[in-house]
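Working through the structure, step by step
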Amino acid sequence: MPRVQREAQVTWEGNVARGSGSISGATGAFTNLPYSLATRIEKPDGKTSPEELLAAAHAACYAMSLAGELAAKGSAPDHVDVRAVVTLDQVEDGSHRIVASELLARARVTGIDQAALQEVAEIASNGCTLSKLIEASAKVTVNAQLEGGS
Amino acid sequence: MATDRKAEVTWHSDLMSGSGRIDSVTSGAFGGLDVSWAARSEEPNGLTSPEELIAAAHASCFSMALSGGLAKEGHAPEELKTSATVTFQPGEGITKIALEVAGRVPGMDEAAFKQAAEQAKENCPVSKALAGVPEISVASRLQG
């Protein structure tokens, strides 16, 4: 398959403590999202952050991977809901690190039980490019639950 | 103090013919963004993708780190314009991230700006989280 490129642009004005920036994706799907240090590490106050964008990327990547793995097992899902929570923490030297991304998937799918779903959910994380990258420096956890009767 | 940011995604049906939506995020800054495998791996047609979101996460993280590094050297920037281009090879993963930054930074020369950009690339939390990407590059230039 051909290589795919995706681009985003950011403008930042001023210093870290009091400055602010704005984030846009080249597709136009999101534009001029404001962000700042205060809203990144304290209350978000309606503003996104690098970690929130990473959470969105990870959840979207993982949802696709899980849908693909379930379909490969002959159990294409009606739907999967995926939540990703990315944690930024201050480490010993005072710098900030992304320390965890926690995935929770709820799947409405027939022909598969809870134990098998959890197994597929873990395989799907191994198949998601972002899980593999994040795992090198942070903790990735995966939990899956069957939704409704099946 | 740890900070959590959450995103929620719904996906319908299988990978190839199904579709998904980034429903909501902690801040509420964006939501209702559609995604699909076709838009991710071929022409985007206005849809975002994990790779575009990574580009946004990395460019925003890098810009903040560079601003901090420059201020430490006594040269807080007036403006930094950054782009990140993420290369995705289906079946393989993210193979490259190219950062480009143009800065208006009073009292700074090109060599020092380049060094600060390299440091921001090494140290920003998203760079560290994505350190497994085979190639992460940064090109920097000052503008008048």
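Every chain's residues receive numbers from 1 upward, in the order its sequence appears when written. Whichever chain is written first becomes A and whichever ligand is written first becomes 1, with later ones labelled in order. Predicted model: local features are reported for residues with pLDDT of at least 70 only, side-chain atom pairs are reported and counted for 80 or more only, and whole-chain, interface and lining totals are derived from all residues.

Here we take up the sheet that holds strand β5 (residues 96-108) of chain A. Pairing between two strands requires that DSSP report at least two bridges joining them. We count a stretch as a helix when DSSP gives it H or I for four or more residues in a row; a strand needs E for two or more, and each element gets its number in order from the N terminus. Read from one edge to the other, the open sheet built from six strands follows the order β6(A)-β5(A)-β4(A)-β1(B)-β2(B)-β3(B), with strand pairing classed as mixed. Strands at the two margins of the open sheet, each flanked by one partner only, are β6 (139-146) of chain A together with β3 (33-35) of chain B. Strand-to-strand twist of the sheet, defined as the mean angle between neighbouring strand axes without regard to direction, takes the value 20 degrees. On the sheet, helix α2 (residues 50-72) of chain A packs against β4 (79-90) and β5 of chain A together with β1 (3-12), β2 (19-25) and β3 of chain B and is oriented at approximately 145 degrees with respect to β4 of chain A. An axis is simply a line fitted to the C-alpha atoms; with a helix, the fit covers only the stretch in contact. Between two such axes, the angle follows the N-to-C directions and lies from 0 to 180 degrees. Any pair of residues counts as being in contact when their C-beta atoms, constructed from backbone geometry, are within 7 Å of one another.

A few words now on the interface of chain A and chain B. Counting residues at the interface gives 74 residues for chain A, matched by 74 residues for chain B. Listing elements by their share of the side of chain A that touches chain B, those giving two or more residues are β1 (4-13), β2 (20-25), β3 (33-35), α1 (37-41), α2, β4, β5 and α4 (129-135) of chain A. Take the side of chain A that touches chain B: its biggest share by element is 16 residues, from α2 of chain A. Among the residues forming the side of chain A that touches chain B, the class breakdown is 42 nonpolar, 20 polar and 12 charged. Note: β1 of chain A against strand β4 (residues 79-89) of chain B, nine bridges, orientation antiparallel. Bridging across to β4 of chain B, V10 of chain A finds its partner in T82 of chain B. Asp, Glu, Lys and Arg are counted as charged, while Ala, Val, Leu, Ile, Met, Phe, Trp, Tyr, Cys and Pro are counted as nonpolar; the rest, among them Gly, fall into the polar class.

With that out of the way, let us pick up α2 of chain A. In this scheme, a helix's expected span is set at 1.5 Å multiplied by one less than its residue total. Compared with the 33 Å implied by 1.5 Å per residue over 23 residues, the 33 Å span of α2 of chain A between its first and last C-alpha is a close match. G74 of chain A occupies a position one or two residues after α2 of chain A and carries a positive phi of about 80 degrees.

Before going further, it helps to spend a moment on the packing of helix α2 (residues 50-72) of chain B against helix α3 (residues 110-123) of chain B. Residues and elements named next belong to chain B. Where α2 contacts α3, the axes come no closer than 8 Å and their chain directions differ by 130 degrees. Regarding the angle of α2 to α3, the classification is oblique. You can see that α2 and α3 cross each other, and the crossing is right-handed. Along its contact with α2, which presents F62, A65, L66, G69 and L70, the element α3 presents A116, A117, Q119, A120, K121 and N123. Each angle gets one of four labels, with under 35 degrees taken as roughly parallel, over 145 as roughly antiparallel, 65 to 115 as roughly perpendicular, and the rest as oblique. With the far helix as reference, a near helix turned anticlockwise by less than a right angle produces a left-handed crossing, and one turned clockwise produces a right-handed crossing.

What the domain assignment lists for chain B is domain 1 (7-41) and domain 2 (50-142). Each domain's extent was defined by an automatic or database domain assignment. On a C-alpha basis, the centres of domain 1 of chain B and domain 2 of chain B stand 26 Å from each other.

Residues and elements named next belong to chain A. Looking at where R108 falls in the secondary structure, it is placed in strand β5. Exposure remark for R108: the 15 C-beta atoms within 10 Å place this residue in the partly exposed category. Residues R108 and L146, spaced 38 residues apart in sequence, show a C-alpha to C-alpha distance of 6.1 Å. Whether a residue is buried, exposed or partly exposed follows from its count of other C-beta atoms within 10 Å of its own C-beta, namely 20 or more, 12 or fewer, or something in between, respectively; the C-beta atoms are built from the backbone.

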